[in-house]
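Results of the structural survey
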Amino acid sequence: RMKLFTIPSLEDAYSYVLVDLKTREAAGIDPFEVSLVMKVLEKEKLNLKTVLLTSHLNVDGSEGNSQLKKRFPEAKILG
């Protein structure tokens, strides 16, 4: 089973955290505001394995991607 967290971001965008409920492994999708994504990951005790960037807005968010990579060094960033 999987669960999807929808996270309102910026003024008109959404980020998502997709979780495998059995393994507690997660994928972050378009983490525009990393602090909001981190809150979900920490609250739900998830291990971030993948970050998927689907929007050009994430190019400017590379600092946030670095923050995620620092906290979850095994995570792969794809985009």
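Residues numbered from 1 in each chain as written. Predicted model: local features only at pLDDT ≥ 70, side-chain atom pairs only at ≥ 80, totals over all residues. Heavy atoms only, no water.

**Here's the deal with the packing of aromatic side chains**
- Summed over the entire model, instances satisfying the criterion amount to 0 aromatic pairs.
- The ring of Phe72 has Arg71 sitting right over it, with the charged end atom 4.6 Å from the ring centre. (Phe/Tyr/Trp six-rings, centres within 6.5 Å; stacked < 30°, edge-to-face > 60°. Lys NZ or Arg CZ within 6 Å of the ring centre and 35° of its normal.)

**A look at unusual backbone geometry**
- The phi angle at Asp30 is positive, at roughly 50 degrees, despite the residue not being glycine.
- Tracing the backbone through its elements, the reader meets Asp30 in the loop between strand 3 (25–29) and helix 1 (34–43).
- Accessibility expressed as a relative area gives 7% for Asp30, which makes it buried.
- You will see that Lys45, though not glycine, has its phi angle at about 55 degrees, which is positive.
- Structurally, Lys45 can be placed in the loop between helix 1 and strand 4 (47–52). (Helix = DSSP H or I, 4+ residues; strand = E, 2+ residues; numbered from the N terminus. Buried < 20%, exposed > 50% of the residue type's maximum accessible area, 1.4 Å probe, protein only.)

**So, the sheet that holds strand 2 (residues 13–20)**
- Here 5 strands make up an open sheet; going across it, the order is 1-2-3-4-5 and the pairing mixed. What marks the edges here is a single partner per strand, and that holds for strand 1 (2–9) and strand 5 (76–78). The mean inter-strand angle of the sheet, taken between neighbouring strand axes irrespective of direction, is 20 degrees.
- Where strand 2 lies against strand 3, 5 bridges are found, and the strand directions are antiparallel. Bridging from a neighbouring strand, Leu18 pairs with Ala27 of strand 3.
- Across the sheet, helix 1 lies against strand 1, strand 2, strand 3 and strand 4, angled at about 150 degrees from strand 1, the strand it touches most. (Pairing = 2+ DSSP bridges. Axes fitted to C-alpha atoms, helices over the stretch in contact; angles between N-to-C directions. Contact = heavy atoms within 4.5 Å.)

**Notes on helix 1**
- Along helix 1, the residues classified as buried are Val34, Val37, Met38, Val40 and Leu41. Buried residues in helix 1, looked at end-on, bunch into an arc of 160 degrees, giving them a common side. Within helix 1, the exposed residues directed more than 90 degrees away from the buried face are Lys39 and Lys43. (Arc of directions from axis to C-beta.)

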